[in-house]
Amino acid sequence: MHSYSLSAQDDNVVAFEVRPGDVLKNPVTRYADPPTSERSEISMPFNRWANGVAVNVSYEFLVPGGFDLDTAWAVIGQMHADLNTSPPLEFAFRKSFALNRLLIVSRAGPAAKNGVEKVTAVGEDPIVRDTWHKVSIETLMGSYGYQRVWVNGHQALDLAGAVGFDEQRNWYWRMGLYRRAAATTYRVLFRNFRMSRD
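**Quick word on the overall build of the chain**
Secondary structure summary: the chain contains zero helices and 14 strands in total. Secondary structure elements of the chain occur, N-terminal to C-terminal, as β-β-β-β-β-β-β-β-β-β-β-β-β-β. Scaling as 2.2 N^0.38, a compact globule of 198 residues should have a C-alpha radius of gyration of about 16 Å, and the chain matches this with 16 Å. Summarising its shape, the C-alpha atoms of the chain cover approximately 40 × 40 × 35 Å along the three principal directions. For the chain, the proportion of its 198 residues judged to be buried stands at 49%. Partitioning the contacts of the chain with sequence separation of at least 6, the portion at a separation of at least 24 is 64%. Considering the chain, the positive charge centre built from 22 side chains and the negative charge centre built from 21 side chains are found 4 Å apart.

**Here we look at unusual backbone geometry**
As a rule of thumb, non-glycine residues mostly have phi less than zero, and peptide bonds are mostly trans rather than cis. Within the chain, D130 stands out as a residue other than glycine whose phi angle is a positive 55 degrees. Looking at where D130 falls in the secondary structure, it is placed in the loop between β9 (116–121) and β10 (133–140). Look at N152: it is not a glycine, yet its phi comes out positive at around 55 degrees. One can find N152 in the loop between β11 (142–151) and β12 (154–165).

**Regarding the nonpolar core**
Ranked by size, the top nonpolar core spans 39 residues in total, and within it Y59, F61, F91, I137 and W173 carry the most contacts. In contact with Y59, not counting residues within four places along its chain, are F91, H133, K134, V135, I137, W173, F190, R191, N192 and F193.

**Re the pairing of β11**
Two faces make up the sheet, and in a regular strand the side chains alternate between them. Bridge count for β10 against β11 is six bridges, and the pairing is antiparallel. Opposite V135, over in β11, you have V151 as the bridge partner. Counted between consecutive antiparallel strands, the loop separating β10 from β11 contains one residue. As paired strands, β11 and β12 are joined by eight bridges and run antiparallel to one another. Among the inter-strand pairings, V151 is bridged to a residue of β12, identified as H154.

**Brief notes about the side chain of S40**
Of note, S40 is situated in strand β3 (residues 37–43). Relative accessible area serves as the criterion here: at 1%, S40 is assigned to the buried category. A distance of 2.6 Å separates the side chain of S40 from the backbone oxygen of S5, its partner in a polar contact.

The rules behind each value
Residues numbered from 1 in each chain as written. Predicted model: local features only at pLDDT ≥ 70, side-chain atom pairs only at ≥ 80, totals over all residues. Heavy atoms only, no water. Helix = DSSP H or I, 4+ residues; strand = E, 2+ residues; numbered from the N terminus. Rg over C-alpha atoms; globule rule 2.2 N^0.38 Å. Buried < 20%, exposed > 50% of the residue type's maximum accessible area, 1.4 Å probe, protein only. Contact = heavy atoms within 4.5 Å. Lys, Arg positive; Asp, Glu negative; His and termini not counted. Charge placed at Lys NZ, Arg CZ, Asp CG, Glu CD. Core = buried A, V, L, I, M, F, W, Y, C linked by side-chain atoms within 4.5 Å. Pairing = 2+ DSSP bridges. Polar contact = N/O pair within 3.5 Å; in protein donor to acceptor, adjacent residues only side chain to side chain.

Shape is all these values report; function is a separate question.
What follows is the structure, given as structure tokens:
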């Protein structure tokens, strides 16, 4: 990780930055991303939540102006399963869907097939830049679960039924930036992160 990748703006605000070529290479686990993926993230695997446990997550994020989110995909937060697969819930931008428009991507079913994917756009306009946006999540992973998401007080997702992958036992939160390789520097800020049992 580079000195610019993760920085504390004050006691409550953290900033993540990804520049071209920021490919993860972990010297401890020897894991390395392919050169087509770039990231600056922190994971919270010490705080794992089992399927069947109701959990609330809330935080605020800000995407500065000055660049387009024009890569194939960019993820700015995710509930990641204890599996080597895409996450059961992520907040993302996809160039093919709508430039600079926040998406909620949820997945459920067999992990081997990456589950059934549901993409929900938050509003009809591009994300407002240089503005703090509040996210609130209520989730219970499992065969009879739910995912409810509010962005700036408006409910953007309300799913009930199978939530998460059939094979997963638990999940944890990842915060930061993870993207398809791009020629532009991306930056995102987070503050007021909270996670607790319902």
